[in-house]
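Observations on chain architecture
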Amino acid sequence: MRRIAIASEKGGVGKTTTAVSLAAGLALQGQRVLLVDVDPQGSATRWIGNIVRPDLSDALQGRHEWNRVIHPSVVPNLDLIPASPHLEDAGRTSTPQLERLRRGLEALTTPYDTIVFDCPPGSGALLTMALTAAHEIFVTSEPTPLALAGIRGIIRVGGRIRADLNCDLHLARIVFCRVQSRRKLSQMAFDTTNASFPHLPPAHIIRENVRLAEAPKAKQPIQLFAPKSHGAQDYGQLVRAVLREGQMREAGSRTDTDGTSAAAYPPAIGAPTRPVA
Ligand SMILES: Nc1ncnc2c1ncn2[C@@H]1O[C@H](COP(=O)(O)OP(=O)(O)OP(=O)(O)O)[C@@H](O)[C@H]1O
Ligand SMILES: [Mg+2]
């Protein structure tokens, strides 16, 4: 089972859009997927489900059993653990409880292929909880000159969690959201980032697309709301890359077809200064 956290300390940089689009895309390709909304804002919950109890806060605080906080979403094969503002309280927590999410998910009876976490902005206990339960971080960013600093921020947070709580955690992909391809700045941010993280697959590009901004109101993932849109195409590429990677891991292959190698799974979370041979 893959566990992918969509994270960034910065707010409003496409985490929820990426979490929902990736989770729905994998589910529509036949995977059994669970989306865990770890953000008290509940944006992912409202997009593909409803803010209902019992939710993640009820499981974290021991009021309900983990299997009971899973709800169906509007997408076939995609289940949801919803969030609500009550999650704020569950986030004020001590170290042993930081592992509660991981332990709860490990005890689930449904055999999910992939669990996707929609992380909150900032670097509080809820982000720590999600990264303690995840294996891979997909960091989202907007392609500005500050992108690199933001990516390094999540690497620092992840590095601490890897050292203290979760030795399986690693940065796996960078996703640039809201890219206006004609702007030179985007290309510069893209080139600088790829050069700084040579052990990762090249950053994914999700173009600015109004249909992505409209999809939450329609309560549909982009793949169903506007299947021909740039948003659906761009997230389709991300979904295919993730599926391909999963198949290669299962087959024991060490070479990624998008031109990267097994070095995308480096021994440490951060970026080595040069590619791993
Ligand atoms: N590629 C895109 N094109 C157009 N609009 C987008 C795109 N990606 C995200 N948006 C819009 O940008 C806003 C922020 O996106 P999103 O909610 O996914 O970010 P976030 O990182 O989850 O925010 P937060 O930190 O508040 O949780 C939303 O209104 C969303 O609809
Ligand atoms: Mg969000």
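Quick caveat: nothing in here was measured; it's all calculated off a predicted structure. (Residues numbered from 1 in each chain as written. Chains lettered and ligands numbered in written order. Predicted model: local features only at pLDDT ≥ 70, side-chain atom pairs only at ≥ 80, totals over all residues.)

Section: the site of ligand 1
Within the structure, ligand 1 sits among 19 residues, and Gly 11, Lys 15, Thr 16, Thr 17 and Pro 121 are positioned closest to it. Breaking the shell around ligand 1 down by element, the ones donating at least two residues are helix H1 (15-28), strand E7 (170-179) and helix H10 (210-218). Residue contributions to the shell around ligand 1 peak at three residues, all from H1. Residue composition of the shell around ligand 1, grouped by class: six nonpolar, nine polar and four charged. (Near = placed C-beta within 6 Å. Helix = DSSP H or I, 4+ residues; strand = E, 2+ residues; numbered from the N terminus. Nonpolar A, V, L, I, M, F, W, Y, C, P; charged D, E, K, R; others polar.)

What about the packing of H1 against helix H12 (residues 230-251)?
For the pair H1 and H12, interaxial distance at closest approach is 9 Å and the crossing angle is 60 degrees. The orientation of H1 relative to H12 falls into the category oblique. For the element pair H1 and H12, the recorded crossing hand is right-handed. Taken together, the residues of H12 that come into contact with H1 (itself represented by Ser 21, Leu 22, Gly 25 and Leu 26) are Tyr 235, Gly 236, Leu 238, Val 239 and Val 242. (Axes fitted to C-alpha atoms, helices over the stretch in contact; angles between N-to-C directions. Parallel < 35°, antiparallel > 145°, perpendicular 65-115°, else oblique. Left-handed = near helix turned anticlockwise from the far one by under 90°. Contact = placed C-beta atoms within 7 Å.)

A short note on helix H8 (residues 147-164)
For H8, spanning 18 residues, the distance from its first C-alpha to its last is 26 Å, which sits close to the expected 26 Å at 1.5 Å a residue. In this structure, the buried residues of H8 make contact with strand E1 (2-7), helix H7 (125-133), strand E6 (136-141), E7 and helix H9 (184-196). (Expected span 1.5 Å × (residues − 1).)

Overview of the sheet that holds strand E2 (residues 33-37)
Strand order across the open sheet formed by eight strands is E3-E4-E2-E5-E1-E6-E7-E8, with mixed pairing between neighbours. With partners counted over all chains shown, the strands left at the sheet margins are strand E3 (71-72) and strand E8 (204-207), one partner each. Bridge count between E7 and E8: three bridges; the pairing is parallel. The residue of E8 that forms the bridge with Phe 176 is Ile 205. The sheet strands contacting H1 are E1, E2, strand E4 (78-81), strand E5 (114-118), E6 and E7, and the helix crosses E5 at an angle near 165 degrees. Helix-sheet contacts for H8 involve E1, E6 and E7, and the interaxial angle to E6 is about 155 degrees. (Pairing = 2+ DSSP bridges.)

Quick notes on unusual backbone geometry
Cis rather than trans, the peptide bond between Arg 53 and Pro 54 has omega equal to -5 degrees. On the secondary structure map, Pro 54 appears in the loop between helix H2 (43-48) and helix H3 (56-60). One non-glycine residue with positive phi stands out, namely Asn 77, at about 75 degrees. Of note in this structure, Lys 219 is not a glycine but carries a positive phi near 55 degrees. Residue placement: Lys 219 occurs in the loop between H10 and helix H11 (222-225). Taking the C-beta count within 10 Å as the criterion, Lys 219 has 15 such neighbours and is therefore assigned partly exposed. (Buried ≥ 20, exposed ≤ 12 C-beta atoms within 10 Å, placed from the backbone.)

Thoughts on the packing of H8 against H9
Packing of H8 against H9 brings their axes to within 10 Å, and their N-to-C directions diverge by 35 degrees. On H9, the residues that touch Ala 147, Leu 148 and Ile 151 of H8 are Ala 189, Thr 192, Thr 193 and Ser 196. Partitioned by chemical class, the residues of the contact of H8 with H9 number four nonpolar, three polar and no charged.

Considerations on the confidence of the model for the protein
Confidence along the protein averages 89 in pLDDT terms, with 90% of residues attaining 70 or more. With pLDDT under 50 throughout, residues 256-267 is counted as low confidence; its partners more than four residues away or in other chains account for 24 contacts. Note on residues 271-277: pLDDT is under 50 here. Beyond four places in sequence and across chains, it has 13 contacts. (pLDDT = per-residue confidence, 0-100.)

As for the nonpolar core
One finds Ala 5, Ala 23, Leu 35, Val 116, Phe 117, Ala 130 and Ile 137 to be the most contacted residues of the largest nonpolar core, which totals 75 residues. Residue contacts for Ile 137: discarding those within four places in its chain leaves Ala 5, Ala 7, Leu 131, Ile 154, Gly 158, Leu 169, Leu 171 and Ala 172. (Core = buried A, V, L, I, M, F, W, Y, C linked by C-beta atoms within 7 Å.)

Some words on the environment of Gln 237
Considering the arrangement of structural elements, one finds Gln 237 in helix H12. Exposure remark for Gln 237: the 14 C-beta atoms within 10 Å place this residue in the partly exposed category. As for Gln 237 and Ile 206, which are separated by 31 residues in sequence, their C-alpha atoms are 9.4 Å apart.

Quick word on the pairing of E4
Along E4, one buried face is formed by Leu 78 and Leu 80 and the opposite face, lined by Asp 79 and Ile 81, is buried too. Note: E2 against E4, four bridges, orientation parallel. Looking across to E4, one finds that Val 33 is bridged to Leu 78. Sheet topology note: the E3/E4 ladder contains two bridges and is antiparallel. Opposite Pro 72, over in E4, you have Asp 79 as the bridge partner. Connecting the antiparallel pair E3 and E4 is a turn made up of five residues, with Asn 77 showing a positive phi of about 75 degrees.

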